[in-house]
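Architecture and fold: a report
Here is how the chains run, residue by residue.
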Amino acid sequence: TQVAEILGEPAPTNGTFIFMDIAESLQERSFDDFMEACIAEKMLLAPGSAFGKGYETHIRICFTSAPPDVVVEGAKILQRILRG
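Notes on the structure in this doc start here. Within each chain, residues carry numbers counting from 1 in the order of the written sequence. In keeping with the model being predicted, local features are shown solely for residues with a pLDDT of at least 70 and side-chain atom pairs are shown and tallied solely at 80 or more, while totals for entire chains, interfaces and linings include all residues. In computing side-chain values, all of the structure's heavy atoms are included and hydrogens and water are not.

**Observations concerning the overall build of the protein chain**
Put simply, the rule reads: A run of H or I in DSSP becomes a helix once it reaches four residues, and a run of E becomes a strand once it reaches two; helices and strands are each numbered from the N terminus. As a reference, a globule follows 2.2 Å times the number of residues to the power 0.38, and the radius of gyration itself is taken over C-alpha atoms. Only protein chains enter the accessibility calculation, which uses a 1.4 Å probe; a residue is then buried when its area is under 20% of its type maximum, exposed when over 50%, and partly exposed in between. The contact rule is simple, with two residues in contact once any of their heavy atoms fall within 4.5 Å.
Each helix and strand in the protein chain was counted, giving four helices and three strands. Beginning at the N terminus, the succession of helices and strands in the protein chain can be written as α-β-α-α-β-β-α. Taken over C-alpha atoms, the radius of gyration comes to 12 Å for the protein chain, in line with the 12 Å a tight globule of 84 residues would show. Overall, the C-alpha framework of the protein chain stretches about 30 × 25 × 20 Å when taken along its three principal axes. Per-residue burial for the protein chain yields a buried fraction of 32% across its 84 residues. Excluding contacts between residues fewer than 6 apart, the proportion of contacts in the protein chain whose partners are at least 24 apart in sequence is 68%.

**Observations regarding the environment of Gly 54**
Residue position: Gly 54 is located in the loop between β2 (46-47) and β3 (58-62). Sequence spacing of Gly 54 and Lys 76 is 22 residues, and the spatial spacing of their C-alpha atoms is 27 Å.

**Examining the pattern of salt bridges**
To be explicit about the condition: In the sections that follow, a salt bridge refers to a side-chain nitrogen of Lys or Arg positioned within 4 Å of a carboxyl oxygen of Asp or Glu.
Throughout the structure, instances matching the rule amount to one salt bridge. Across the pair Arg 80 and Glu 41 runs a salt bridge whose closest N-O atoms are separated by 2.9 Å. Taken as a pair, Arg 80 in helix α4 (residues 68-83) and Glu 41 in the loop between α3 (31-40) and β2 lie far apart in primary sequence, 39 residues in all. By relative accessible area, Arg 80 is classed as partly exposed at 46%. For Glu 41, a relative accessible area of 34% translates into the label partly exposed.

**Let's talk about the pairing of strand β1 (residues 17-21)**
Note the following rule: Between any two strands, at least two bridges found by DSSP are needed for them to pair.
Of the two faces of β1, only one is covered, namely that formed by Ile 18 and Met 20; the face formed by Phe 17, Phe 19 and Asp 21 stays uncovered. In terms of strand pairing, β1 meets β3 through five bridges, oriented antiparallel. The residue of β3 that forms the bridge with Ile 18 is Ile 61.

**So, α3**
Selection rule: Working note: the arc is built from the helix axis to C-beta atom directions.
Looking only at α3, the buried set comprises Phe 31, Phe 34, Met 35 and Cys 38. Seen end-on, α3 carries its buried residues on one side only, within an arc spanning 95 degrees. Exposed positions of α3 whose direction lies more than 90 degrees from the buried face are Asp 32, Glu 36 and Ala 40. As for α3, its buried residues are in contact with α2 (23-26), β2, β3 and α4. Following α3 by one or two positions, Lys 42 adopts a phi angle in the positive range, close to 65 degrees.

Right under this line is the structure:
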């Protein structure tokens, strides 16, 4: 998908979401700080911790939750936030 391409992730083959480890993008900020930056941009993501232990630095992005143009724009915003 275009979303996976924008985020530098492999395109999912059997699903409607990308499960992404953002540990390297956190650097000196906490996961909560990252999520707050997303919320400030009106972007809501599912935190990986909701899917079990060991996924505390993951996010889940559902790319069928909004019209395609909105999701692509969200991926561009997320890419900017990930770069810090």
